[in-house]
Amino acid sequence: MILSLIASLVVSAHATPPVPTIINVNPETSACYTREYSVNHMKAHPGQKVQKFDFKFSQDKDSMGNGEFIALNVKANLLTANGLKPYSTGMTCMKEASKLNCFIECDGGSAEVTWNKNEILFKNKGFVLYGGCGSEVSPEETVWLTPKKGGDDVFKLTAVACQ
């Protein structure tokens, strides 16, 4: 009995710490989520352009110093006519009750994030992945992720250790 108690203490001392989630993001800890879709999934959902999403949530003070917001770094691989193309952008998220409202300033679009244990649900309301207001990218070259029912509208991502 004493040996089993010691063994369980040793195992718990070496257990991997839980992956930080959106609920416990703080200035010292980030939370990361990912989702990658198979070739078969992409063929079955021709309205979907996102092949992979990587999200990193971190907390910081806003530029005015009047409170905290959660910064969201979004990396996406989009299926284009020329194959997969990587994009990245940043969003600002404000916590409201049990969700985050995320946006890109200068009307670069928005999204809503809800969570359940180690998963998040990302509801795309349309946002800029490349270019936009204040960018040197021409309006014709700006890339928007437009929500389409059954396509790029809702994504479920799983918590992972941040790299």
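Definitions and cut-offs
Residues numbered from 1 in each chain as written. Predicted model: local features only at pLDDT ≥ 70, side-chain atom pairs only at ≥ 80, totals over all residues. Heavy atoms only, no water. Pairing = 2+ DSSP bridges. Helix = DSSP H or I, 4+ residues; strand = E, 2+ residues; numbered from the N terminus. Phe/Tyr/Trp six-rings, centres within 6.5 Å; stacked < 30°, edge-to-face > 60°. Buried < 20%, exposed > 50% of the residue type's maximum accessible area, 1.4 Å probe, protein only.

Undergrad: Looking at this structure, I do not really get the pairing of strand β9 (residues 154-160). What am I missing?
TA: Consecutive residues of a regular strand have side chains that alternate between opposite faces of the sheet. Looking at chain direction, strand β1 (residues 31-36) and β9 are connected through three bridges and run antiparallel. Paired with T34 across the bridge in β9 is T158. Sheet topology note: the strand β7 (residues 119-130)/β9 ladder contains five bridges and is antiparallel. Bridged to E119 within β9 is T158.

Undergrad: Please clarify how the packing of aromatic side chains should be interpreted in this entry.
TA: Two aromatic rings, taken as a pair, are described by how far apart their centres are and by the angle between their planes. Applying the stated rule across the entire model yields nine aromatic pairs. Pairing F55 with F122 gives two aromatic rings, centres 4.8 Å apart and planes at 70 degrees, and the pair type is edge-to-face. Pair noted here: F55 is in strand β2 (residues 50-61) and F122 is in strand β7, with a separation of 67 residues, a long-range link. Judged by relative accessible area, which is 0%, F122 ranks as buried.

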